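# Summary of structural features
The chain contents come next:
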Amino acid sequence: MKKGVVLAAAFLAFAVCAPVVAQPNARAVETIFIDKFDEPGSYGYDWGIQGSRFSTNDEENGIHYPLMNYFEGMPLSLKPYHKPSDPTAQVLGVKTKYDRKGENWLEVFPTIGGERTEIECLGTVTQFDLWVWGAGYLYYLEILVRDAEGRTHIIPCGNLQFNGWRNLVVNVPTYIRQHSRFRSGPKNLSFLGLRVRSDVNEFVDDYVVYFDQIKYVTNTLANVYDGYELREADFGDKKTSSSTSSSGQAAEK
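Throughout what follows, the structure given in this document is the object of discussion. (Residues numbered from 1 in each chain as written. Predicted model: local features only at pLDDT ≥ 70, side-chain atom pairs only at ≥ 80, totals over all residues. Heavy atoms only, no water.)

In terms of regular secondary structure, the protein is built from two helices and 15 strands. Counting the 253 residues in the protein, one finds 36% classified as buried. Summarising the internal contacts of the protein: among those between residues at least 6 apart in sequence, 75% fall at separations of at least 24. Per element, the accessible surface of the protein, about 15700 Å² overall, is 53% carbon and sulfur. (Helix = DSSP H or I, 4+ residues; strand = E, 2+ residues; numbered from the N terminus. Buried < 20%, exposed > 50% of the residue type's maximum accessible area, 1.4 Å probe, protein only. Contact = heavy atoms within 4.5 Å. Areas by Shrake-Rupley, 256 points an atom, 1.4 Å probe, with all protein chains shown as cover.)

Structure, rendered in structure tokens:
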């Protein structure tokens, strides 16, 4: 028994006196903005909207719902962080009407050159974070993402039956695969857009929703390893079709 106590004391003394060896940190948590909406297009893409089949078309006045626009403003909680030198604070607003109650929805999504696009997220995303202005109607918000194997997923954010601004933070389910072991295809999780759905019994004749500061929280080092840069090494086969064609014609001559 006494011998055991002596050995334990010796081990403890060694542990305390042993030099500390730096260990690599596998976590680098960052918050990355998808868009603040203060300067439209400043993130390299714009925004588009799409409504379900019963979205109202006012042919007499040439108005086709949903409608989208930018408006000056911001949530009250964000005003202390807005500097006078910052661009004028703006939010993205969407208004819609439907011809009848039921399974109605609208989508807000990033675009480039008028075409729908996807935003590739860095690292391993743990949360999406955004500000939403609710109009007190029973509508539901969803985030659309595509995993690293090409499958589309819907992340529910709850209902929007509240008035004014509210910060919504939603966790990304762990079953969504964010990194693929295959060298070809998507490399990370992609953000596809937002979907707002009406409750089947809710009024649909006049609905408005606003968004501000869409962002995500991610561990940027989660999928980075020693030698990571070798994944994209050029073996000489990364040529454009035109250069390949030119070299082929030169060989024939």
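Still more to cover.
To continue, consider the packing of aromatic side chains. According to the stated counting rule, one finds 11 aromatic pairs in the structure shown. Ring geometry for Trp 47 versus Phe 191: centroids 6.4 Å apart, planes at 75°, classification edge-to-face. Separated by 144 residues along the polypeptide, Trp 47 in strand E2 (residues 46-51) and Phe 191 in strand E14 (residues 190-198) bring together distant segments of the chain. Residue classification places Phe 191 among the buried residues on the basis of a relative accessible area of 0%. (Phe/Tyr/Trp six-rings, centres within 6.5 Å; stacked < 30°, edge-to-face > 60°.)

Evaluated as defined, the whole model comprises 10 salt bridges. The partner of Arg 116 in a salt bridge is Glu 107, and the shortest N-O contact between them spans 2.9 Å. Assessed through its relative accessible area of 40%, Arg 116 is described here as partly exposed. Linking Arg 197 and Glu 142 is a salt bridge whose minimum nitrogen-to-oxygen distance equals 2.8 Å. On the criterion of sequence distance, the pair formed by Arg 197 in strand E14 and Glu 142 in strand E11 (residues 139-146) is long-range, its members being 55 residues apart. Judged by its relative accessible area of 25%, Arg 197 is partly exposed. Through salt bridges with shared partners, a single network forms among Glu 107, Arg 116, Glu 142, Arg 195 and Arg 197. (Salt bridge = Lys/Arg side-chain N within 4 Å of Asp/Glu carboxyl O.)

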